[in-house]
Amino acid sequence: MLFSSSLQRQLSIIFGIIMVFLVIILSFLIGQRSIQEVQTEIGDSLADMAYLMGDKLDRYMWSRNGEVEIISEMQTIKEQENFNEIDQLLNQVKESFPAFSWIGLTNEAGEVISATDDILKGNNISERPVYQEALEKPFIGDVHEAVLLADLLPNPTGEPMKFVDISMPITADDGIFNGVLAAHLSWEWAKEVEMAMLNTLKGRENLEILIVGKNHDVLLGPEEMLGHTLNFDELKHAESDQAAWAVEKWEDGKEYLTGFALTDGYRDYEGLGWTVIVRQTVDEAYAPTKEMLSYFIVCGIILAVLSSLLASLVARRMAATLKEISSIADRLRGGEKIDIPIYRGIEEIESLSISLRKLIKQLTKTETDLVEMENVASRDHLTGLANRNGLERYLDRVTHENIPLTVLYLDLDGFKKVNDTLGHDAGDQLLIETGRRLKQNIENGEFVARLGGDEFVLVLKSPEDPVQRGIDIGNRIVSMLGEAFVIDEHIVHVGCSVGGAVYRPGINNITWVIRLADEALYKVKRTGKNRVYMSEPH
């Protein structure tokens, strides 16, 4: 189905569509590039955060391990003689470093001989890893839940208590094994390190930090994940590459940008092989980019609307000019004599108006020439009346008006005698005067033609009684042409014979009617001349 609309609407729509299309393409390209760049930037930053968190953990463990080692080298601890002094020392260390939940000293048999707050004092812990692993060298154990201390230490949170064990073998000056100095670090210190890290990242919302043990079980992280074992390949990459990041789909079904870093110890502290994970959902990570894209799209839509409005204004100006040209063309078609002005400002419209102006001028000249030629071809050059060609054109037009017509066919009686006696010039003057008198007998819209020689035809519009009107006009013509003519100071008398017929729309044919009028004229000629005879249809 063909569709047409105004130039203004079309240009507005086209400009709007182009701008929206460009905005969509640019948004897609910029969005893809921005997301890739943001993904890399955030991924790297998450991996860096994981590395820094791991470094903090290792430094913290190194410091606590160093403190326990220093205490184990103290002479009071080695000699194990002044238990009050040992109790005071251990309690003072615990008070100075709250991360230590419990510190105890055993004898060579594993019996606790001194402990903070006297907890487990007198108990034998020789079967515990904190004792067994420290018989020959210092021991740092992985995170584990409290066993012996679960019910002995205060636990305001009510959550399961977890510790990291640090223990040192105690040897006397003579190198004989005297016992073990054991310490339990509360796992709460790891949460404090986590909070310290998050506080430095206030510009980054909804970040989560996880600490994963050697066996890939979650030691620190969201409560619902604690104790769960993680099983995805990126952990292996972290172990081999020290720091890495990836987009990973987690057990909750969400995709996260995930940074990994393996803790590898600090100085003489070898580390426990923990992996630190810092993660952020893809939606959260890409939120700034999406906001930027949304802003870009909104600006693009506003620009598209403004472009459409601008195109509409330009199109309105163009359309107004074209409508004015069209209006002038319609007026020209209606017969008005008017020039197309030259419209300046838009080169194409200016060129169009100049071309149309030239075309109209040429067409007007051509039409004038054609009218003149047509008038010449349709007029009798002597009398100025219409000729046979002019009569045919008139009949083509008037027969479409669907009204009865009276056709009178006549010629002059005695015209040849005037030509023979007074000459052809006198005859011509007689014909001119005859045409003038005949025109006095017709009304507006009716017609007189000279067919040649002294033959004339009148076409009368007779809607009421065409036969009677033909008789009346015919008799008047006979009477008028019977009056004397003054030709070159000569008095000339002629007569005329008139034959008539009636054209009735839808009943007879105009050509046939003219033939009937001609036959009626000859009948008058044969039967007496100088009178009127109306042919009846048969």
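Read on for an overview of the structure. As the structure is a prediction and not an experimental result, all values here were calculated from the model.

Conventions adopted
- Residues numbered from 1 in each chain as written.
- Predicted model: local features only at pLDDT ≥ 70, side-chain atom pairs only at ≥ 80, totals over all residues.
- Heavy atoms only, no water.
- Helix = DSSP H or I, 4+ residues; strand = E, 2+ residues; numbered from the N terminus.
- Expected span 1.5 Å × (residues − 1).
- Buried < 20%, exposed > 50% of the residue type's maximum accessible area, 1.4 Å probe, protein only.
- Arc of directions from axis to C-beta.
- Contact = heavy atoms within 4.5 Å.
- Pairing = 2+ DSSP bridges.
- Axes fitted to C-alpha atoms, helices over the stretch in contact; angles between N-to-C directions.
- Right-handed = clockwise from strand over helix to strand, strands pointing away.
- Core = buried A, V, L, I, M, F, W, Y, C linked by side-chain atoms within 4.5 Å.
- Salt bridge = Lys/Arg side-chain N within 4 Å of Asp/Glu carboxyl O.
- Patch = residues over 30% accessible without salt bridge, like charges linked within 9 Å, V, L, I, M, F, W, Y side chains within 5 Å.
- Areas by Shrake-Rupley, 256 points an atom, 1.4 Å probe, with all protein chains shown as cover.
- Left-handed = near helix turned anticlockwise from the far one by under 90°.
- Nonpolar A, V, L, I, M, F, W, Y, C, P; charged D, E, K, R; others polar.
- Phe/Tyr/Trp six-rings, centres within 6.5 Å; stacked < 30°, edge-to-face > 60°.
- Lys, Arg positive; Asp, Glu negative; His and termini not counted.
- Charge placed at Lys NZ, Arg CZ, Asp CG, Glu CD.
- Parallel < 35°, antiparallel > 145°, perpendicular 65-115°, else oblique.

Next up on the list: helix H12 (residues 466–482). One turn of an α-helix holds 3.6 residues; hence residues three or four places apart share an orientation. With 17 residues, H12 should cover 24 Å at 1.5 Å per step; its first-to-last C-alpha distance of 24 Å lies within 8% of that length. Among the residues making up H12, those that are buried are Pro 466, Arg 469, Gly 470, Ile 473, Gly 474, Ile 477, Val 478, Met 480 and Leu 481. What you see down the axis of H12 is that its buried residues fit within an arc of 165°, all on one side. Residues of H12 that are buried make contact with strand S11 (405–413), helix H11 (424–439), strand S13 (455–461), strand S14 (485–487), strand S16 (495–503) and strand S17 (532–534).

What the 5 strands build is an open sheet, ordered S12-S13-S11-S16-S17; its pairing is mixed. Lying at the two open borders of the sheet, with one neighbouring strand each, are strand S12 (447–452) and S17. If you compare each strand with its neighbour and ignore which way they point, the axes differ by 20° on average. Those strands touched by helix H9 (residues 388–398) are S11, S12 and S13, and its axis lies near 145° from that of S12.

Here we come to the pairing of S16. Burial analysis of S16 places 9 of its 9 residues in the buried class, the great majority of the element. The alternating pattern of S16 places Gly 495, Ser 497, Gly 499, Ala 501 and Tyr 503 on one face and Cys 496, Val 498, Gly 500 and Val 502 on the opposite face, and all of these are buried. Pairing geometry for S11 and S16, over 9 bridges, is antiparallel. Of the residues in S16, the one forming a bridge with Tyr 409 is Gly 499. For the segment spanning S16, helix H13 (residues 510–526) and S17, crossover handedness is left-handed.

Right, let's get into the nonpolar core. Grouped burial of nonpolar side chains is what soluble globular proteins tend to show. Judged by nonpolar contacts, the single largest core of 48 residues is most densely connected at Leu 57, Met 61, Val 164, Trp 187, Trp 189, Ile 211 and Trp 274. The leading source of residues in this core is helix H1 (residues 7–72), at 10 residues. Excluding residues within four positions of it along the chain, Ile 211 makes contact with Met 53, Leu 57, Trp 187, Ala 190, Asp 217, Val 218, Leu 219, Leu 220, Trp 274 and Thr 275.

Moving on: the pattern of salt bridges. Taken as a whole and judged by the stated rule, the model has 16 salt bridges. Its salt-bridge partner being Lys 121, residue Asp 87 comes within 3.1 Å of it at the nearest N-O pair. Placement of Asp 87 in helix H3 (residues 83–96) and of Lys 121 in the loop between strand S2 (112–115) and helix H4 (129–132) is noted, with a sequence separation of 34 residues between them. For Lys 121, a relative accessible area of 37% gives the class partly exposed.

Let us now look at a nonpolar patch on the surface. A contiguous nonpolar surface patch, about 540 Å² in accessible area, is contributed by Val 298, Ile 301, Ile 302, Val 305, Leu 306 and Leu 309. Residue placement: Ile 302 occurs in helix H7 (residues 282–333). Judged by relative accessible area, Ile 302 falls into the partly exposed class, the value being 48%.

To continue, consider H3. A rise of 1.5 Å per residue sets the reference length of H3, with its 14 residues, at 20 Å; its end C-alpha atoms lie 20 Å apart and thus fit the reference within 8%. Within H3, burial applies to Ile 86, Asp 87, Leu 89, Leu 90 and Val 93. Within H3, the buried residues cover an arc of 165° as seen down the axis, which keeps them to one side. Looking at H3, the residues exposed on the side facing more than 90 degrees away from the buried face are Asn 84, Gln 88 and Glu 95.

The next point concerns the packing of H11 against H12. Across the interface, H11 lies against H12 with an axial gap of 10 Å and an inter-helix angle of 140°. The way H11 lies across H12 gives a crossing that is right-handed. Taking contact as the criterion, the partners of Thr 434, Arg 437 and Leu 438 in H11 are, on H12, Ile 477, Met 480 and Leu 481. Looking at side-chain class alone, the contact of H11 with H12 contains 4 nonpolar, 1 polar and 1 charged residues.

The next subject is the packing of aromatic side chains. Two measures describe an aromatic ring pair: the distance that separates the ring centres and the angle between the ring planes. All told, the structure shown has 3 aromatic pairs when counted by the stated rule. Taking 5.2 Å as the distance between ring centres and 80° as the angle between the ring planes, the aromatic pair formed by Trp 62 and Tyr 266 counts as edge-to-face. Residue Trp 62 is found in helix H1, and its partner Tyr 266 is found in the loop between strand S9 (255–262) and strand S10 (275–281); the two are separated by 204 residues along the sequence. The partly exposed category is assigned to Trp 62, whose relative accessible area is 27%. Ring geometry for Phe 97 and Phe 100: centres 6.4 Å apart, planes at 90°, overall edge-to-face.

Attention shifts here to the pairing of S2. Looking at chain direction, strand S1 (residues 100–106) and S2 are connected through 3 bridges and run antiparallel. In the strand pairing of S2, Gly 104 is matched with Ala 115. Between the end of S1 and the start of S2, which pair antiparallel, lie 5 residues, with Gly 110 showing a positive phi angle near 95°.

The next thing to look at is unusual backbone geometry. Phi at Arg 267 takes a positive value of approximately 55°, unusual for a residue other than glycine. Summarising the element assignment, Arg 267 is placed in the loop between S9 and S10. In this structure, Lys 529 is a non-glycine residue whose phi angle is positive, near 60°. Mapped onto the fold, Lys 529 is located in the loop between H13 and S17. Owing to a relative accessible area of 40%, Lys 529 belongs among the partly exposed residues under this scheme.

To continue, consider the sheet that holds S2. Read across the open sheet, the 5 strands follow the order S2-S1-S5-S4-S3; overall the sheet is antiparallel. Each edge of the sheet is formed by a strand with only one pairing partner; in this case those strands are S2 and strand S3 (139–145). The sheet shows a mean angle of 25° between the axes of neighbouring strands, direction not considered. Most of the contacts of H3 go to S1, to which it runs at about 160°, and overall it touches S1, S2 and strand S5 (177–186).

What follows concerns a negative patch on the surface. Taken together, Glu 79, Glu 81, Glu 85, Asp 173 and Asp 174 make up a surface patch of like negative charges. Checked against the element boundaries, Glu 79 lands in helix H2 (residues 75–79).

Turning to the packing of helix H10 (residues 415–422) against H11, a few remarks are in order. In contact at an axis separation of 6 Å, H10 and H11 are set at 140° when each is read in the N-to-C sense. Classified by the angle between their axes, H10 and H11 sit oblique to one another. Contact residues: Phe 415, Val 418, Asn 419 and Leu 422 in H10; His 424, Ala 426, Gly 427, Leu 430 and Leu 431 in H11. Split into classes, the residues belonging to the contact of H10 with H11 amount to 6 nonpolar, 3 polar and no charged.

Distances and angles like these do not, on their own, reveal function.
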